[in-house]
Amino acid sequence: PLLGTFGVTLIMLLVIGKPLASLQTNLTEGLNNLSGGSIVLLGIILGLMMAFDMGGPVNKVAYVFATGGLTAAAIAEGGSELTVMAVVMAAGMTPPLGLALATVIRKNLFTEAERENGKAAWILGASFITEGAIPFAAGDPLRVIPSIMLGSAVTGGLVAGFGSELAAPHGGIWVTPLIGGIPGYLFAIVIGTL
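The rules behind the values
- Residues numbered from 1 in each chain as written.
- Predicted model: local features only at pLDDT ≥ 70, side-chain atom pairs only at ≥ 80, totals over all residues.
- Heavy atoms only, no water.
- 1 Å grid on protein atoms, 1.4 Å probe; cavity = no way out; pocket = protein on both sides within 12 Å on 5 of 7 lines; lining within 4 Å.
- Points joined across faces, edges and corners; volume = space filled by probe spheres on them.
- Helix = DSSP H or I, 4+ residues; strand = E, 2+ residues; numbered from the N terminus.
- Nonpolar A, V, L, I, M, F, W, Y, C, P; charged D, E, K, R; others polar.
- Axes fitted to C-alpha atoms, helices over the stretch in contact; angles between N-to-C directions.
- Parallel < 35°, antiparallel > 145°, perpendicular 65-115°, else oblique.
- Left-handed = near helix turned anticlockwise from the far one by under 90°.
- Contact = heavy atoms within 4.5 Å.
- Expected span 1.5 Å × (residues − 1).
- Buried < 20%, exposed > 50% of the residue type's maximum accessible area, 1.4 Å probe, protein only.
- Core = buried A, V, L, I, M, F, W, Y, C linked by side-chain atoms within 4.5 Å.
- Phe/Tyr/Trp six-rings, centres within 6.5 Å; stacked < 30°, edge-to-face > 60°.

Novice: Looking at this model, I keep getting lost on the layout of surface pockets. Mind explaining?
Specialist: Rolled over the atoms, a probe with the dimensions of a water molecule shows which regions are left empty. Quantified by volume, the largest pocket comes out at close to 580 Å³. Lining the largest pocket are 25 residues, and of these G98, L99, A102, F110 and S147 sit closest to its centre. Among the elements of the structure, helix 5 (80–105), helix 7 (134–139), helix 8 (141–162) and helix 9 (182–193) are those that each provide at least two residues to the lining of the largest pocket. Of the residues contributing to the lining of the largest pocket, the split by class is 13 nonpolar, eight polar and four charged.

In structure tokens:
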């Protein structure tokens, strides 16, 4: 285990780390450049990023971009940063929720283990834990990943279009009292989940 840890650390530092850091820097710069434009387009792109790797580096760039905007000034002034946070949280909730719904509606298409994962995905999705979609994506990535990206993009665009706001960096549906524009926010999550 010690040699394995040392080996993986070296690979991360010498091989994977620099390209990954460069990718994250470029994605962040791209998001910053979009910030002055259409909030709906930004919402769609953030939604795509949230579902792309379900908790991986692209997802984390979108999340850090959103949480970086949660400053006291943004909260006090009700800035667009609060809409960005609402977009990211809603878009991160829809992948596990959509897959949980699929295991109920079309249960004959899923194994018993997948149906059990679907039960857990309800809670994970409601709690803004996008990683609840990973077991499904690992089993059928070519169908699952594009479909959850589409659902998250729709959710992100709708949340941005409705102008919903959120001042909490995490919590999912459990932080509903901190959401501004709750009807549009919940509607967007339902549509993206479907």
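Novice: Can you walk me through the packing of helix 5 against helix 9 in this structure?
Specialist: Relative placement of two packed helices is described by the angle separating their axes and the distance separating the axes. Orientation of helix 5 relative to helix 9, taken along the N-to-C sense of each, is 40 degrees, at an axis distance of 8 Å. Here helix 5 is positioned oblique relative to helix 9, judged by the angle of their axes. In terms of crossing hand, the pair formed by helix 5 and helix 9 is right-handed. Note on element contacts: helix 9 touches helix 5 through Y185, I189, G192 and T193, opposite A86, M89, A90, M93, T94, L97, G98 and L101. Taken together, the residues of the contact of helix 5 with helix 9 sort by class into eight nonpolar, four polar and no charged.

Novice: Would you mind going over helix 3 (residues 57–68) with me for this structure?
Specialist: Note on helix geometry: an α-helix contains 3.6 residues per turn, so any two residues three or four positions apart are oriented the same way. Compared with an ideal rise of 1.5 Å per residue, which puts twelve residues at 16 Å, helix 3 spans 16 Å between its outermost C-alpha atoms and is within 8% of the ideal. Along helix 3, the positions that sit buried rather than exposed are V58, N59, V61, A62, Y63, F65 and A66. The elements touched by buried residues of helix 3 are helix 1 (2–34), helix 2 (39–52) and helix 5.

Novice: So what exactly am I meant to see when it comes to unusual backbone geometry here?
Specialist: Generally, phi is negative for residues other than glycine and the peptide bonds are trans, each holding for most cases. Residue M54 is not a glycine yet carries a positive backbone phi of 45 degrees. Mapped onto the secondary structure, M54 falls in the loop between helix 2 and helix 3. In this structure M54 comes out as buried when scored by relative accessible area, which is 5%. Of note in the backbone geometry, F128 takes a positive phi value of approximately 65 degrees without being a glycine. By the element assignment, F128 lies in the loop between helix 6 (112–126) and helix 7. Judged by relative accessible area, which is 5%, F128 ranks as buried.

Novice: How do you make sense of the nonpolar core when you look at a structure like this?
Specialist: In summary, soluble globular proteins display a tendency toward joint burial of nonpolar side chains. L46, M85, V88, M89, L166 and Y185 are the most contacted members of the largest nonpolar core, which has 33 residues in total. For this core, the secondary-structure elements that each account for two or more residues are helix 2, helix 3, helix 5, helix 8 and helix 9. Ranked by the residues each element gives to this core, the list is headed by helix 5, at eleven residues. Leaving out residues up to four positions away in the same chain, Y185 has contacts with A86, M89, A90, M93, V159, S164, L166 and I179. If you look at the next biggest cluster of nonpolar residues, it comprises ten residues, including A51, A137, V144 and I148.

Novice: Sorry if this is basic, but what is going on with the packing of aromatic side chains here?
Specialist: Counted by the stated rule, this structure contains three aromatic pairs. Taken together, a centroid distance of 5.9 Å and an interplanar angle of 45 degrees make the contact between Y63 and F128 tilted. Of the two residues, Y63 sits in helix 3 while F128 sits in the loop between helix 6 and helix 7, which places them 65 residues apart along the sequence. By relative accessible area, which is 18% here, Y63 ends up buried. Seen in terms of ring centroids, F110 and F136 are 6.2 Å apart; in terms of plane orientation they differ by 85 degrees. Their pairing is edge-to-face. In this pair, F110 sits in the loop between helix 5 and helix 6 while F136 sits in helix 7, placing the two residues 26 residues apart along the sequence.

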